[in-house]
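Letter by letter, the chains look like this.
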Amino acid sequence: MLVNLKEILDMAEKGGYCIPAFNVYNMENVIGALHAAEEMRAPVILQVYPRLMKEETGYFLSPVILAAAKRATVPVCFNLDHGPSELEATRSIRYGATGVMLDGSTLPFEENIALTKKIVDFCKHVDVQVEGELGHVGTTADDSMDEFTTASDAKRFVEETGVVCLAVAVGTAHGRYKKPPKLDIERIKEIREATNNTALVLHGGSGVPDEEIKKAVKAGIRKMNFATDLCYAFIDCLAEDAVKPDRAVAVDTFMKRPIEAVKEFCISRIKLVGADGKAE
Ligand code: 13P
């Protein structure tokens, strides 16, 4: 069933676990993630990078996500990931998204608050909630890590914007890590306390050691994003199969194993963040 961002995060808060958010890029990714969620009886978020919403891909992919969510017997939220502006936010809602991330993390603090609040205000008219980001979570290609989120800034940001959840910079980055990251677990706890237990989001979930992930969930991370490793699961399988002499040529048949690879990856993350068996 299709649910919105608040509904799915409330489930995680109530149960003290974390919702895995899988970035999807095509129909096969959606099918793999959905099969994993169904088999694990887990609530999941399917999300889309904003560039896809600017290209025609978003136009075609969104109905696939919606069809999957509506058919699912577990809660599924359709979220825009890293929306930089009103354009992507509005378009995503038009395409049926039930959650919107507004990423103003590279803007000055006051501008981030103003833009995020503006998006929160128009999203509430259509029962869609907003994820904000404070303290920029960069990429693993960056040489230095930007400043971590502070509890006092987070408190002000949450109070003034009305976001339903907040992505925080606590040691992760997007992409493949050169060496495994160590998370600032104390900071996660401090931010939770300062923000009246607001649901916190961890971006850059790929490659974070399992033990760090478990500690982060315990400290109050309620949504965790996985993109890069889902892509590798899909592409590595596809590349391996493509050179086999007896490979299937019909694309739908050929895609069966890559779909299965995505499913297995998603199952492993669902279990790790404690979302298995939590669908009500
Ligand atoms: P990874 O690509 O590192 O898994 O990060 C995903 C993410 O945070 C998407 O917003």
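The sections below set out a description of the structure shown in this document. (Residues numbered from 1 in each chain as written. Predicted model: local features only at pLDDT ≥ 70, side-chain atom pairs only at ≥ 80, totals over all residues. Heavy atoms only, no water.)

Take the site of the ligand next. Taken together, 15 residues surround the ligand, and among them Asp81, Gly204, Ser206, Ala227 and Thr228 come closest. Gly175 is positioned such that a nitrogen or oxygen atom in its backbone is 3.0 Å from an oxygen atom of the ligand. Here an oxygen atom of the ligand and a backbone polar atom of Gly204 are 2.8 Å apart. Coverage of the ligand by the protein chains reaches 99% of its 310 Å² of free accessible surface. Contributions of two or more residues to the shell around the ligand are made by β3 (76-83) and β8 (221-226). When its residues are assigned to classes, the shell around the ligand shows 4 nonpolar, 10 polar and 1 charged. (Near = heavy atom within 4 Å. Polar contact = N/O pair within 3.5 Å; in protein donor to acceptor, adjacent residues only side chain to side chain. Areas by Shrake-Rupley, 256 points an atom, 1.4 Å probe, with all protein chains shown as cover. Helix = DSSP H or I, 4+ residues; strand = E, 2+ residues; numbered from the N terminus. Nonpolar A, V, L, I, M, F, W, Y, C, P; charged D, E, K, R; others polar.)

This paragraph deals with the packing of aromatic side chains. Between two aromatic rings, the relevant description is the distance of the centres plus the angle of the planes. Evaluated as defined, the whole model comprises 6 aromatic pairs. Taking 6.3 Å as the distance between ring centres and 80° as the angle between the ring planes, the aromatic pair formed by Phe226 and Phe265 counts as edge-to-face. A residue pair is termed long-range when its members are at least 10 positions apart, and Phe226 in strand β8 and Phe265 in helix α12 (residues 256-272) qualify at 39 residues. One aromatic cluster in this structure is built from Phe22, Phe226 and Phe265. One cation-aromatic arrangement involves Arg176 over Tyr232; the distance from NZ or CZ to the ring centre is 3.6 Å. Cation over ring: Lys278 sits above Tyr17, and NZ or CZ is 5.1 Å from the ring centre. (Phe/Tyr/Trp six-rings, centres within 6.5 Å; stacked < 30°, edge-to-face > 60°. Lys NZ or Arg CZ within 6 Å of the ring centre and 35° of its normal.)

For His82, which is not glycine, the phi torsion reads 55° and is therefore positive. Take His82: it is sitting in strand β3. The class of His82 is buried, set by a relative accessible area of 12%. Residues other than glycine seldom take positive phi values, yet Asn197 does so here, at roughly 60°. Position of Asn197 relative to the elements: it lies in the loop between α8 (185-194) and β7 (199-202). With relative accessibility at 45%, the residue Asn197 sits in the partly exposed group. (Buried < 20%, exposed > 50% of the residue type's maximum accessible area, 1.4 Å probe, protein only.)

Moving on: the nonpolar core. Counting 92 residues, the largest nonpolar core has Phe22, Leu46 and Met224 as the members making the most contacts within it. Sort the elements by how many residues they give to this core and α12 lands first, with 7 residues. Those residues within four positions of Leu46 in sequence are excluded, and the remaining contacts are Phe22, Val24, Val30, Ala33, Ile65, Val76, Cys77, Phe78 and Asn79. (Core = buried A, V, L, I, M, F, W, Y, C linked by side-chain atoms within 4.5 Å. Contact = heavy atoms within 4.5 Å.)

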